Every structure is written in structure tokens, then in C-alpha cells.
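# Descriptive analysis of the structure
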Amino acid sequence: MGLTTRTIGATSVQVTELGFGGAPIGAVGKRLSEDQVDEIVQSAWEKGIRYFDTAPLYGHGLSEKRLGRNLVAFERDQFALSTKIGRLLVPREEGERFAGMRDDEPVAIQYDYSEDAVRKSFESSLQRLGLDRVDILLCHDIDKWTHGEAQPGIYESASKGALPALHRLREEGIVRAIGLGVNESAVCTRVMREFDPDCFLLAGRFTLLEQEPLDEMLPLCLKKNVSVIIGGPYNSGLLANSDRRRATYDYKPVPEELWQKAQRIREVCSSHEIDMRAAALQYPLRHRAVASVIPGMWSLNEVELNLELMQTDIPQSLWSDLAQEGLSRSW
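Here goes a summary of the coordinates provided.

Parameters and conventions
- Counting starts from 1 at the beginning of each chain's written sequence and moves along it residue by residue.
- Under the rules for a predicted model, residues below a pLDDT of 70 receive no local features and side-chain atom pairs below 80 are neither given nor counted, while totals for whole chains, interfaces and linings still include all residues.
- Side-chain numbers here rest on the full set of heavy atoms in the structure, without hydrogens or water.
- Secondary structure elements follow DSSP: runs of H or I of four or more residues count as helices, runs of E of two or more count as strands, with numbering from the N terminus.
- The atom set for the radius of gyration is the C-alpha atoms, and the globule formula is 2.2 Å times the number of residues raised to the power 0.38.
- A simple rule labels every residue: compare its accessible area, found with a 1.4 Å probe on the protein chains alone, to the largest value its type can have, and call it buried under 20%, exposed over 50%, or partly exposed in between.
- For this analysis, residues touch if any pair of their heavy atoms sits within 4.5 Å.
- Only the protein chains shown count as cover for residues, with accessible areas throughout obtained via the Shrake-Rupley method and a probe of 1.4 Å.
- Under this rule, positive means Lys or Arg and negative means Asp or Glu; His and the chain ends count for nothing.
- By convention, the charge on Lys lies at NZ, on Arg at CZ, on Asp at CG and on Glu at CD.
- Strand pairing requires that DSSP identify at least two bridges connecting the strands.
- By salt bridge we mean one thing: a side-chain nitrogen of Lys or Arg within 4 Å of a carboxyl oxygen of Asp or Glu.
- Aromatic pairing here means that ring centres of Phe, Tyr or Trp (its six-membered ring) are within 6.5 Å. Orientation follows from the plane angle: under 30 degrees is stacked, over 60 is edge-to-face, and everything else is tilted.
- Clockwise travel from the first strand over the helix to the second, with the strands pointing away from the viewer, marks a crossover as right-handed.

### Focus: the overall build of the protein chain
The number of helices and strands found in the protein chain is 13 helices and 12 strands. On C-alpha atoms alone, the protein chain measures out to a radius of gyration of 19 Å, which is about the 20 Å that the 2.2 N^0.38 rule sets for 331 residues. The dimensions of the protein chain, computed from C-alpha atoms along their principal axes, are 55 × 45 × 40 Å. Counting all 331 residues of the protein chain, 57% fall into the buried class. In the protein chain, the proportion of contacts linking residues at least 24 apart, taken out of those at least 6 apart, comes to 73%. In the structure as shown, the protein chain presents an accessible area of about 14,300 Å², 46% of it carried by carbon and sulfur atoms. Placing the 39 positive and 49 negative side-chain charges of the protein chain at their respective mean positions leaves the two points 1 Å apart.

### Some details on the sheet that holds strand β3 (residues 20-21)
Here we have 8 strands laid out as an open sheet, ordered β3-β4-β5-β8-β9-β10-β11-β12, and parallel in their pairing. With partners counted over all chains shown, the strands left at the sheet margins are β3 and β12 (290-294), one partner each. Sheet topology note: the strand β8 (residues 136-140)/strand β9 (residues 177-182) ladder contains 5 bridges and is parallel. Residue pairing across strands places Cys139 opposite Leu180, the latter belonging to β9.

### Here's the deal with the pattern of salt bridges
Under the counting rule described, the total for this entry stands at 27 salt bridges. For Asp53, the salt bridge goes to Lys84, with nearest N and O atoms at 2.8 Å. Here Asp53, found in strand β4 (residues 51-53), pairs with Lys84, found in strand β5 (residues 80-85); they are 31 residues apart in sequence, far enough to count as distant. Per residue, the accessibility class of Asp53 equals that of Lys84, and both read buried. Shared partners join several salt bridges into a network, and the residues in it are Glu34, Asp38, Arg66 and Arg69.

### Some thoughts on the packing of aromatic side chains
Counted under the stated rule, the structure contains 9 aromatic pairs. Consider the rings of Phe206 and Trp331, whose centres lie 5.8 Å apart with planes at 55 degrees: the pair is tilted. Residue Phe206 is found in the loop between β10 (199-203) and α9 (217-224), and its partner Trp331 is found in the segment after α13 (316-324); the two are separated by 125 residues along the sequence. Look at Trp331 and you get partly exposed, because its relative accessible area is 45%. When the ring of Tyr283 is compared with that of Trp331, the centres are 5.5 Å apart and the planes differ by 80 degrees; the resulting orientation is edge-to-face.

### Observations concerning unusual backbone geometry
We note that Asn235 has phi near 50 degrees; this positive angle belongs to a residue other than glycine. Relative to the elements of secondary structure, Asn235 occurs in the loop between β11 (227-231) and α10 (256-271). Phi is positive for Tyr251, which is not a glycine, with a value near 65 degrees. For Tyr251, the location among the structural elements is in the loop between β11 and α10.

### Focus: the pairing of β5
Burial analysis of β5 places 6 of its 6 residues in the buried class, the great majority of the element. Every second residue of β5 is oriented toward a common face, with Ala80, Ser82 and Lys84 on one face and Leu81, Thr83 and Ile85 on the other, all of them buried. A crossover links β4 with its parallel partner β5, the connecting element being helix α3 (residues 62-71), and its sense is right-handed. Sheet analysis places β5 next to β8, joined by 4 bridges and oriented parallel. Counted as the bridge partner of Ser82 is Ile136 from β8.

### Quick look at the side chain of Ser227
Here Ser227 shows up in strand β11. Apart from the residues within four sequence positions on either side, Ser227 is in contact with Thr7, Ile8, Gly9, Asp198, Cys199, Phe200, Ala289 and Ala291.

Written out as C-alpha cells, the structure reads:
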């Protein structure tokens, strides 16, 4: 069974409903050999995935290098690719290493949301990818989730530099779609009111576990024809692991309240003989604004499992029961 494609906003960019989240193939560094990475990306392609996402952050450029090395062998018009701006890769002594990345790349990160940095970052990404273009270019992490109290200044910098620069790149035809890659919905809503984005990559906030974007962001996306790509559909592992010792939420230990909620969701899914992971993967796609879900994939088994979960036939009664139990919202 082939994967269905959806269109990004009013653009011509087509993405498969299941995309390839490229963070893990960079973040795990040497835990994956180059041959293993090649097998994973090739398997995703062979199984019909035609949307791939990456960023300079992931493995300090390693994800872009590894992904591009494989994508260059495919017909360029047959897939969509997104990467991000906002973090320049600089010599180690000039920046900070991002915690959690296990790569050995000889660079560090420097936040820069200026206009000049957008083109510099974009050109550097193309070099690492070994490709002549990307389809979607996203301004990365201008949210409070990332910057905390410094976020207002970050947003101001991006609103004067990076965001207008993205619009110009789109006007010049250098990229076909622009938007944000963030971890909260409020900044997406603000950008829709102040700019003209095509899409958002929203990680972890519109999932089977939490649906706050239904209040404001997603209705506005429908009104303005802005698409949403869902990253972190398993809430960084909470909706994928039955063993609490292995489960995380936002990459941290799971709070008791959320762990208990996830177990209640699991029970309802089990009563319908549905793997909770299938429900987690498919739930966001039920909303008309959502174009794709992109779980991170760093093993052949994960590629195969995600395809299987996407093809699981889920009865409407499961969604109804989850809503009736107050575990997930309908619309």
C-alpha cells in the first residue's frame, strides 16, 4: 500500500503523510555506522517515504551530511526536503555544543536569526546536503520552550531578520515553502498574524496525549491555509514505550500525571485491539491542517514498524471512546 501525499498550504510542495525525521541519524553519532544510516534511508525510500526533514542542529550537521549523501541518488523531483535556519555551525571555540548530541563533528552552534545568517546557513546546508535546493526552509526554535525568558528578544531579532529573509527567498523562487520548526503553538499563531508562512513543523504539541493547538493555532491554520507537520508524535517516547524506565516526555523523565494518562490511553486502545503507537501516529493526521507526521527513525525496525502502524485500520469507535473518556479531543 502506497503512502498518501498531501500538499503544503497553497504551494506545490507534496509530502507523504509519513515523513522521515532525520534528527536521530545525526544525534546518535557513531552509534550508527555510515552503512547502517544508508540502509535506513534507503529502506524509507523503498517503502514509499518521500518527505525528509533535517537541520544543522541534528548532530551538528551530521544529519544533513548523511541524509544528503543518500538523497542525491534519487530523482530530485520525487521527494520533498526540509531543513532549518537559526543556528550557524561555527568552530568549536566560537560556539556551544548542543547537549544530547553524540556526534564528533568539529563544530559548535551559534544562534543567529539575522538576515545575513539565513543565507549563510542555507548555503552551508546545501553544501552539507550535496543538493542544489531544499523545498521547505524553516526558522528553527524561536519559542519560549527553547529560549525561556530570552524568547522576546529572539523573536524580535527573527521578526526583523530571519522571517523577512525567508519571505524573500520564497519570492526569489529559491525555496518553495517557508515557516517555523518549533516546540510550541503560541509562536506559530503569532507568526501567522504577522507574516505569511506556508507551514509549521510543530514537535510534540499536537499528539494523542495533548491537543492545546486545537484552541487557537489549528483553526487559524485552516483559515489561512497553512499546513502543519507533526514532529515527535510519540511525545519523545512516552506514547511508544510501555516500560516507564525507557519512556521520556520532552526528552526528560515522565511526570506521574502524564504517565498515568498514557496508560489510560493504552487501555482504551487495547480494548479495540489497536497498538497505541498506531493511534499516536495517525491521530494528528485526522485534522485537515496536518500534512505529515515525521517520527525520528534510527533503525530499520523503526522504519518498518512506522509503515506498519500507519497502515493499521483504526475504527472510528476508538477515537470516540478516547474523546468520551476525556483522553483526547475531537473537532
